[in-house]
Amino acid sequence: MAKILDGNILSKAIKNEIKAEIERDNLKVGLAVILVGDDPASHIYVNYKQKDCAECGIESSKYILSESAGTDELLSLIDTLNEDSGVNGILIQQPLPKQIDLTAANERINPLKDVDAFRADNVGRITIGDYTLGSCTPAGVMEMLRREEIPVSGKECVVVGRSNIVGKPMAMMLLHEHGTVTICHSRTANLKEVCKRADILVAAIGKANFISAEYVKKGAVVIDVGINRNEDNKLCGDVDFAAVEPLAGYITPVPGGVGPMTRAMLMKNTLTAMKLQSELNKA
Ligand code: NDP
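In what follows, the accompanying structure is described. (Residues numbered from 1 in each chain as written. Predicted model: local features only at pLDDT ≥ 70, side-chain atom pairs only at ≥ 80, totals over all residues. Heavy atoms only, no water.)

**Looking at the packing of helix α1 (residues 7–24) against helix α6 (residues 136–147)**
Logical step 1: Running from amino to carboxyl end, α1 crosses α6 at an angle of 95°, the nearest separation of the two axes being 11 Å. In terms of axis orientation, α1 runs roughly perpendicular to α6. Contacts between α1 and α6 involve Gly7, Leu10, Ala13, Ile14 and Glu17 from the former and Glu143, Met144 and Arg147 from the latter.
Logical step 2: A breakdown of the residues in the contact of α1 with α6 according to their chemical character gives four nonpolar, one polar and three charged. (Axes fitted to C-alpha atoms, helices over the stretch in contact; angles between N-to-C directions. Helix = DSSP H or I, 4+ residues; strand = E, 2+ residues; numbered from the N terminus. Parallel < 35°, antiparallel > 145°, perpendicular 65-115°, else oblique. Contact = heavy atoms within 4.5 Å. Nonpolar A, V, L, I, M, F, W, Y, C, P; charged D, E, K, R; others polar.)

Right, dumping it as structure tokens:
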């Protein structure tokens, strides 16, 4: 039986630490969240993030653009928020309507307010291992491993998925902690065999219950980043939890695993962004 890595408990501890620091140092921290369109899931995610802000003592503001908004309208809102000293972090909730140029929007965010760390320069900093704002999901996974005292150094780490926001930065962060890292994707040959080598297996695929017991070495640490709906429309991960849990050493549940850690890292990045901006203002 695997030890369950409970993201709800760990993220609560992180949020309490953030709240304590904000209160102790009497800090004023603000996060602006931009929503474009009416995607119901996005509205739910944004509400969660605003709840997290309230728990941490971070002021949150929500900006909603219409489904038909163009890139120019979004860029102009970002310009306004970049200038607003009460806003320390800017987050654009995805997915965006097709007509919006997401790359242009991300690149327009002041790099010190890029709390999702999606800008190319911030991704580059993660790659060279010299960063203060780390992509929230992989940073959340690393924080989980650290707090559970799961060693990475010298371990075989396999990341399935190579997206710019999860798979690639995840692989880089494991590498910086001296893991021996393999990145897999849809064209990887012998995926099962590669995954079965892993001491630490991270699934960031987006396919419900894809990782079965055949992909997992006995005692492995299995981190499930996926958020999917199964045939009963229930939330599930990329890992077949029922089949893998008896075999794994550690496993994250979905929901309640990586998701809450991602949100906690957003709060941490917003506080870090505020500190970076105030240092710049002092200089
Ligand atoms: P993307 O769709 O951008 O990337 C998916 C990756 O999985 C791609 O690299 C793709 O390979 C790979 N892949 C797809 N099918 C297979 C396959 N059959 N075998 C091996 N690899 C495959 O997704 P994201 O990285 O944005 O997200 C991944 C999952 O994580 C999603 O479920 C998403 O909802 C979830 N997520 C969860 C978060 C959280 O907080 N828990 C935060 C962000 C995302 P290729 O490149 O070759 O196409």
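**So, the packing of helix α2 (residues 40–56) against helix α10 (residues 258–282)**
Logical step 1: Packing of α2 against α10 leaves a shortest axis separation of 10 Å and a crossing angle of 55°. The orientation of α2 with respect to α10, classified from their angle, is oblique. The interaxial crossing formed by α2 with α10 has right-handed handedness. Where α2 approaches α10, its residues Tyr48, Lys49, Asp52, Cys53 and Cys56 are matched on the opposing element by Arg263, Leu266 and Met267.
Logical step 2: Across the contact of α2 with α10, the residue classes tally to five nonpolar, no polar and three charged. (Left-handed = near helix turned anticlockwise from the far one by under 90°.)

**Considering the sheet that holds strand β11 (residues 250–251)**
Logical step 1: Read from one edge to the other, the open sheet built from six strands follows the order β1-β11-β8-β7-β5-β6, with strand pairing classed as parallel. A strand with exactly one partner marks an edge of an open sheet, and here the two such strands are β1 (3–4) and β6 (180–184).
Logical step 2: Here helix α7 (residues 167–176) sits on the sheet and contacts β5 (156–160), β6 and β7 (200–203); the angle it forms with β5, its principal contact strand, is near 170°. (Pairing = 2+ DSSP bridges.)

**A word on the sheet that holds strand β4 (residues 89–92)**
Logical step 1: Spatially, three strands are ordered β3-β2-β4 in an open sheet, and the strand pairing comes out parallel. Taken across any chain shown, the strands that pair with only one partner, and hence form the sheet edges, are β3 (59–65) and β4. Taking each pair of neighbouring strands and ignoring which way they run, the sheet shows an average axis angle of 20°.
Logical step 2: Here strand β2 (residues 30–36) runs beside β3; their pairing, made up of seven bridges, is parallel. Paired with Val33 across the strands is Lys62, a residue of β3.
Logical step 3: Across the sheet, α2 touches β2, β3 and β4, and the angle it forms with β3 is around 160°.

**Things to note about the layout of surface pockets**
Logical step 1: As a volume, the largest pocket reaches approximately 1,400 Å³.
Logical step 2: In terms of lining residues, the largest pocket is bounded by 44 residues, among which Tyr45, Thr137, Ile227, Gly259 and Thr262 are the most central.
Logical step 3: Only α1, α2, β4, α6, β9 (228–229) and α10 provide two or more residues apiece to the lining of the largest pocket.
Logical step 4: A per-class count over the lining of the largest pocket returns 22 nonpolar, 13 polar and nine charged. (1 Å grid on protein atoms, 1.4 Å probe; cavity = no way out; pocket = protein on both sides within 12 Å on 5 of 7 lines; lining within 4 Å. Points joined across faces, edges and corners; volume = space filled by probe spheres on them.)

**What about the pattern of salt bridges?**
Logical step 1: Inspection of the entire model under this criterion finds 18 salt bridges.
Logical step 2: Residue Arg119 pairs with Asp121 through a salt bridge whose shortest N-O separation is 2.9 Å.
Logical step 3: Residue classification places Arg119 among the buried positions, given a relative accessible area of 11%.
Logical step 4: Overall, the relative accessible area of 26% leaves Asp121 in the partly exposed class. (Salt bridge = Lys/Arg side-chain N within 4 Å of Asp/Glu carboxyl O. Buried < 20%, exposed > 50% of the residue type's maximum accessible area, 1.4 Å probe, protein only.)

**Description of the site of the ligand**
Logical step 1: In the vicinity of the ligand there are 22 residues, among which Arg162, Ser163, Ser186, Ile227 and Thr262 approach most closely.
Logical step 2: For the ligand, a nitrogen atom lies 3.0 Å from a polar atom in the side chain of Lys207.
Logical step 3: One nitrogen or oxygen atom from the main chain of Ile227 is found 3.0 Å from an oxygen atom belonging to the ligand.
Logical step 4: Relative to its unbound accessible surface of 930 Å², the ligand loses 70% to contact with the protein. (Near = heavy atom within 4 Å. Polar contact = N/O pair within 3.5 Å; in protein donor to acceptor, adjacent residues only side chain to side chain. Areas by Shrake-Rupley, 256 points an atom, 1.4 Å probe, with all protein chains shown as cover.)

**Here we look at the nonpolar core**
Logical step 1: Counting residues in each nonpolar core, the largest one holds 48 residues, and the members touching the most others are Leu31, Ile58, Leu145, Leu174 and Ile223.
Logical step 2: Counting residues per element, this core draws most heavily on α10, at nine residues.
Logical step 3: Not counting chain neighbours up to four residues away, the residues in contact with Ile58 comprise Ile18, Ile22, Val29, Gly30, Leu31, Cys53, Met267 and Thr270.
Logical step 4: The next biggest cluster of nonpolar side chains, apart from the first, holds 19 residues, and it includes Val194, Cys195, Ala198 and Val216. (Core = buried A, V, L, I, M, F, W, Y, C linked by side-chain atoms within 4.5 Å.)

**Digging into the pairing of β5**
Logical step 1: When you tally the buried positions in β5, you get four out of five residues, the bulk of the element.
Logical step 2: Relative to β6, β5 is paired through five bridges, and the arrangement is parallel. Bridging across to β6, Val158 finds its partner in Thr182.
Logical step 3: Where β5 and β7 come together, four bridges link them in parallel fashion. Note that in β7 the partner of Val158 across the bridge is Leu201.

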